[in-house]
Each structure stands twice: as structure tokens, then as C-alpha cells.
Amino acid sequence: MEETPVLAALESGVLTLTLNRPQRLNAMSHALIEAVIREFARARDDAAVRAVLLTGTGRGFCAGADLAGSGPAMVGADGKPDVGVAMDRLFNPMIRAIRALPKPVVAAVNGVAAGGGANLALACDIVLAARSARFDQAFVRISLIPDLGGTWFLPHTVGDARARALAMLGTSVPAEEAERMGMVWQVLDDAALMEEATKLAQKLAAGPTRSYAAIKDAMNRASTNTLDQQLDLERDAQRALGQSADFKEGVAAFLAKRPANFTGR
């Protein structure tokens with residue numbers, strides 16, 4: 001049985017989740033995925049959590065599914081190994097939990113992010129990467145397709161032509177190129193990554209959390225909405241936010257030229 005596959009620490013409104021299987025480059029075991037899902041449920045329900053920071057222990061962020069250990073295969077109804085069962089029960093619920101969380105999620109990619117590990121990072125709202133990090137869509141090397149949302153995230157972040165090439169060639173993308181492609185918000189020196197990522201997460205935690213939740217919801221819907229539907233969604237969100245205490249505080253702070261004190265109300 002694994003010992004603490006995910007480390008969790010809550011400070012200043014930031015829940016820091018650290019994937020903790022360094023001997024396997026934080027490859028995703030069933031226990032690790034279940035722990036991530038539990039922690040995102042905690043983040044959803046605990047008002048003290050205002051932002052989440054996701055990173056990894058050791059040399060890697062996440063090397064994807066643990067194919068050599070407690071990997072992705074589960075047994076289907078016919079008694080045969082069925083990767084689809086693992087997708088339904090573990091991987092997909094984890095990605096849905098990240099995307100649906102009404103609070104900002106920052107990924108600090110501290111090393112290799114391969115296969116599902118790359119797409120786990122892309123599922124987060126803001127991705128920071130160490131200069132030594134790389135993003136590797138390795139699925140084609142074992143005759144699979146990008147999963148954990150990879151076939152959705154890649155076209156939306158790098159465009160269709162690049163997404164197809166990355167998926168079909170299994171290319172490894174260095175952090176600075178990932179930044180140029182749009183996968184990464186910012187590349188930082190390795191030694192500065194966690195300090196800067198923590199500062200960013202704390203800034204988000206001190207911000208207007210209702211606004212963040214509405215931004216996430218609107219952007220999640222944008223890819224399937226028509227322009228008219230999106231305009232209506234924006235109208236409804238602005239109506240609700242315009243009646244919030246945080247909006248009143250934001251306007252008052254702006255007029256008084258002082259920092260706002262947002263409370264999430």
C-alpha cells in the first residue's frame with residue numbers, strides 16, 4: 001500500500017497538492033488519482049480553500065499513468081482488462097473535478113509532464129513551468145490516443161494543426177516552446193518556480209472568488225456555445241456578480257484608490 005501519494009497543505013487560502021511518488025516520477029496509480037479526487041472535493045466544499053496549487057515531488061511533475069505498477073487497467077464486464085473502466089472510474093472524474101472546481105487551479109510543472117501528466121497540467125487554469133520542464137504527448141508510442149482531455153485541451157491551446165502533430169508524432173516539447181505555443185502561462189527558473197507559483201496562488205486566493213468561478217464556467221461553456229448564447233451567459237453572470245458584495249467592494253476600492261478586500265460574497 002502506498003504512503004501518502006498526495007501531500008496536502010492549506011495555508012493563506014491556498015491548498016497545495018503535491019503528487020508524491022518521486023520514485024516513479026509521480027506516475028498516476030489508482031491510489032494517487034483517488035487522493036487527488038478527494039482533495040478536489042475538499043477544495044470544493046471547504047470555504048477556507050480559495051485556490052489550489054498542484055505540483056510534484058522530485059524530478060517530475062507527472063509521468064502519466066503507472067504502466068509498470070498499479071496502472072490504468074481495470075476489469076470490464078467480460079472479465080478482461082479494460083482501460084476504459086479506469087477512464088470512467090478514475091481519470092475522467094479527476095479531470096472533471098479540476099475543471100468544475102469553482103476556484104482557480106494553478107499547476108507548477110516542476111519537471112517532466114508526460115502522457116496523462118501533460119494533460120493533467122493542461123486541465124488547470126494557469127500553468128507555470130520550470131525551465132527544465134517538458135510536455136510529452138507520449139500516447140502514440142504505445143498505440144493509444146491522448147486522454148485526460150488531451151484531444152480537447154490541445155486544439156484549444158495550441159491550435160488544430162499543432163495539436164494533431166503533437167498527438168501523432170509524440171513530440172516532447174520543452175517548457176519555453178510550450179510557452180510560445182500557448183500551453184504555459186509563464187516559464188520560470190527551476191529554483192524560483194515554487195516561490196512564484198505560491199505567490200500567484202496566494203494572489204488568486206485573495207481575489208474575487210465569485211468572479212473566478214463565473215470566469216471558469218463561462219470559458220468552459222464557450223467552446224460549445226454560439227456567440228448569442230455566450231452573450232446571454234455573460235449578461236446573466238454580470239447581473240449576478242453586479243449584485244454581489246465583492247462587486248461593491250471592488251468599485252469602492254477602485255474609487256478610493258486602495259486595495260480591495262474581497263470576501264467571496
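Residues numbered from 1 in each chain as written. Predicted model: local features only at pLDDT ≥ 70, side-chain atom pairs only at ≥ 80, totals over all residues. Heavy atoms only, no water.

So, about the environment of Ala 252. Along the polypeptide, Ala 252 turns up in helix α10 (residues 245–256). The exposure class assigned to Ala 252 is partly exposed, which follows from its relative accessible area of 32%. The spatial distance from the C-alpha of Ala 252 to the C-alpha of Ser 211 is 16 Å, given a sequence separation of 41 residues. (Helix = DSSP H or I, 4+ residues; strand = E, 2+ residues; numbered from the N terminus. Buried < 20%, exposed > 50% of the residue type's maximum accessible area, 1.4 Å probe, protein only.)

Taking 1.5 Å of rise per residue, the twelve residues of α10 would be expected to cover 16 Å, and the 16 Å separating its terminal C-alpha atoms lies within 8% of that figure. Those residues of α10 not exposed but buried are Asp 246, Glu 249 and Ala 253. Relative to the axis of α10, the buried residues are bounded by an arc of 60 degrees and lie together on one face. α10 presents Lys 248, Phe 254 and Leu 255 as exposed residues on the side facing more than 90 degrees away from its buried surface. On its buried face, α10 is in contact with α8 (209–222). Note on α10: the residue one or two positions beyond its end, Lys 257, has a positive phi of about 55 degrees. (Expected span 1.5 Å × (residues − 1). Arc of directions from axis to C-beta. Contact = heavy atoms within 4.5 Å.)

This part covers the nonpolar core. Val 52, Val 109, Leu 120, Phe 135 and Met 183 are the most contacted members of the largest nonpolar core, which totals 51 residues. Per-element tally for this core: the top contributor is helix α2 (residues 83–100), with seven residues. Among the nonpolar cores identified, the runner-up in size contains 14 residues, and Ala 51, Ala 108, Ala 197 and Ala 201 belong to it. (Core = buried A, V, L, I, M, F, W, Y, C linked by side-chain atoms within 4.5 Å.)

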